[in-house]
Amino acid sequence: YGTQVISRRVRKQWYQRRVRGMAAICLKNGVTKFWRSISPNALCKEDKDRIKEIILGCHAEEKKEVFDQLLEVVGKIARYDFPKNWPNFIPTLLQVIEGAPSEEHKVRALTMIYKVVKMLSTKRLLADKKGFRETTEAIFPLIGSLWENYLRMFNSQPILTYLQPCCISLKIIRSMLTYGFEDISEHLPKSCLEAILNMAGSQLEHRLTISEQSVCQLYDKYLIVIIKALINVQEKLPEFFGQYIVVALEFAYKVGFQYAELLEMRLVARALHLLSGIMLCETYDVFKLNNRGKNVSSVAIKFTEDRNSFFTDDRLKDMCVKCISKYLKLSEFELRNWQESLKSLPLKRLDTSPYIT
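Just so it is clear, the structure is predicted and the values come from calculations on it, not from any experiment.

> Before we go on, may I ask you to explain the overall build of the chain in this structure?
Across its full length, the chain holds 18 helices and zero strands. Within the chain, buried positions represent 47% of all 357 residues. Pairs at least 24 apart in sequence give 68% of the contacts found in the chain among residues at least 6 apart. Element-wise, carbon and sulfur atoms account for 53% of the exposed surface of the chain, whose accessible area totals about 19,500 Å².

Shown next as structure tokens:
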């Protein structure tokens, strides 16, 4: 009976927002405590089916507070039941995305899929990892085509309505590439990586022309997702990524150094992570391969030449100056200690003064 009352409060739109929000919280807490069959007073199958029916319809929820709580319920149920006991969840949401009456419905359905994918990617048991790989192989082409469609629409008409679903679908792709494949080279076409890199450059140029704070934050968030996807591909497939090493370095340099003062620090940090990953990768360094007694292929020589051609003397000088002046600045306390007693500076820095200001 309690489940029916809470379900009715969540579903009926004419209840006050606060009442529906509290009902959604109660539903989330109930799922946390009583969903598993081994729990005391576990929910029966009828109650579970009723809750799943509510969840499948929450893409139409207009109140953000209620939707956020239902989104947590989605993740918790998916962790226990998907895909074995809830196989129609993602197919139903994909049908919703195809026939949704508005972009808001599509965004909410995409967000629900991302919540499930993110939750499943954190499971580490062998059976769970195998199930996530099977799910990834089934829906990855659909999510990829969906992302390409939104990307095409955004390029033809750069409005924020298309930017948010672009960002969410790319997050899903990144999670699948990171945890859903044993060998992503079989599933990641070159056109996909080229599209990500081209999107990164064009979005950075467009971001620099925007002054509105809320829009800038959305663009920065999307650029962070792009850089995270590039980092994952570079770490898992360095030889595959090496074909685009110059384009990736150019983008990371612009974000990390050339336009760093105009961008959010989280975005700059991710770009520097990408830059350092390329610089430290053995696949792009013939000297490291020789020192470790490994065979040097013609591909490795080309990657090394491409990387070295990017780091010109002027560019290296600019990077060193900005690293010292922007990221490794000494505070007034450290400068005084530098003048008074150079030997005591490192000890006092560890105790009282931060290294990066």
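> Got a minute to help me understand the pattern of salt bridges in this structure?
One side chain can pair with another of opposite charge once the charged atoms of both are near each other. Scanning the entire structure with this criterion turns up 14 salt bridges. Asp128 is the partner of Lys123 in a salt bridge, and the nearest nitrogen-oxygen pair spans 3.7 Å. Assessed through its relative accessible area of 25%, Asp128 is described here as partly exposed.

> Is there a simple way to think about helix α12 (residues 245-258) in this case?
For an α-helix, the turn length of 3.6 residues means that residues three or four places apart are oriented alike. The end-to-end C-alpha separation of α12 is 18 Å, in line with the 20 Å expected for 14 residues at 1.5 Å each. Along α12, the residues that are buried comprise Ile245, Ala248, Leu249, Phe251, Ala252, Tyr253, Val255, Gly256 and Phe257.

> It is not clear to me how the nonpolar core should be interpreted in this structure. Could you clarify?
Looking at soluble globular proteins, one finds that nonpolar side chains tend to be buried together. Judged by nonpolar contacts, the single largest core of 104 residues is most densely connected at Ile55, Phe89, Trp147 and Tyr222. Here this core gets 12 residues from one element, more than from any other, and that element is helix α10 (residues 213-236). Leave out the neighbours within four places in its chain, and Phe89 touches Ile55, Leu56, Val74, Phe82, Met112 and Val116.

> I'm lost on helix α2 (residues 17-34) in this one. Help?
Over its 18 residues, α2 runs 25 Å from end to end, which matches the ideal 26 Å to within 8%, given 1.5 Å per residue. Looking at α2, one finds that the buried residues are Arg20, Gly21, Ala23, Ala24, Leu27, Lys28, Gly30 and Val31.

> Just checking my understanding: could you explain unusual backbone geometry for this structure?
One can expect most non-glycine residues to show negative phi and most peptide bonds to be in trans. Across the junction of Phe82 and Pro83, the peptide omega takes the value 0°, indicating a cis bond. On the secondary structure map, Pro83 appears in the loop between α4 (64-81) and α5 (89-99). The phi angle at Asn41 is positive, at roughly 55°, despite the residue not being glycine.

> Explain the environment of Asn29 to me, please; I cannot follow it from the model alone.
Within the secondary structure layout, Asn29 lies in helix α2. For the pair Asn29 and Val73, spaced 44 residues apart in sequence, the C-alpha separation works out to 8.6 Å.

> Looking at this structure, I do not really get the packing of helix α3 (residues 45-56) against α4. What am I missing?
Helix-helix packing is described using two parameters, namely the angle between the two axes and the distance between the axes. Taken N-terminus to C-terminus, the directions of α3 and α4 make an angle of 130°; their axes are 10 Å apart at the nearest point. One way to sum up the angle between α3 and α4 is to call them oblique. With respect to the hand of their crossing, α3 and α4 are arranged in left-handed fashion. Of the residues in α4, those in contact with Ile51, Lys52 and Ile55 of α3 are Leu70, Val73, Val74, Ile77 and Asp81.

> Mind showing me how you'd approach the environment of Thr178 here?
The topology assignment puts Thr178 in helix α8 (residues 160-179). Aside from chain neighbours lying at most four places away, what touches Thr178 is Asn232 and Lys236.

> Quick question: what am I supposed to make of the packing of α8 against α10 here?
Between α8 and α10, the shortest axis-to-axis distance is 10 Å and the interhelical angle comes to 25°. The angle between α8 and α10 falls in the class roughly parallel. As α8 runs across α10, the sense of the crossing is left-handed. Here Leu160, Leu163, Cys166, Cys167, Leu170, Lys171, Arg174, Leu177 and Thr178 of α8 lie close against α10, whose contacting residues are Val215, Leu218, Tyr219, Lys221, Tyr222, Val225, Ile226, Lys228, Ala229, Asn232, Val233 and Lys236.

Rules behind the numbers
- Residues numbered from 1 in each chain as written.
- Predicted model: local features only at pLDDT ≥ 70, side-chain atom pairs only at ≥ 80, totals over all residues.
- Heavy atoms only, no water.
- Helix = DSSP H or I, 4+ residues; strand = E, 2+ residues; numbered from the N terminus.
- Buried < 20%, exposed > 50% of the residue type's maximum accessible area, 1.4 Å probe, protein only.
- Contact = heavy atoms within 4.5 Å.
- Areas by Shrake-Rupley, 256 points an atom, 1.4 Å probe, with all protein chains shown as cover.
- Salt bridge = Lys/Arg side-chain N within 4 Å of Asp/Glu carboxyl O.
- Expected span 1.5 Å × (residues − 1).
- Core = buried A, V, L, I, M, F, W, Y, C linked by side-chain atoms within 4.5 Å.
- Axes fitted to C-alpha atoms, helices over the stretch in contact; angles between N-to-C directions.
- Parallel < 35°, antiparallel > 145°, perpendicular 65-115°, else oblique.
- Left-handed = near helix turned anticlockwise from the far one by under 90°.

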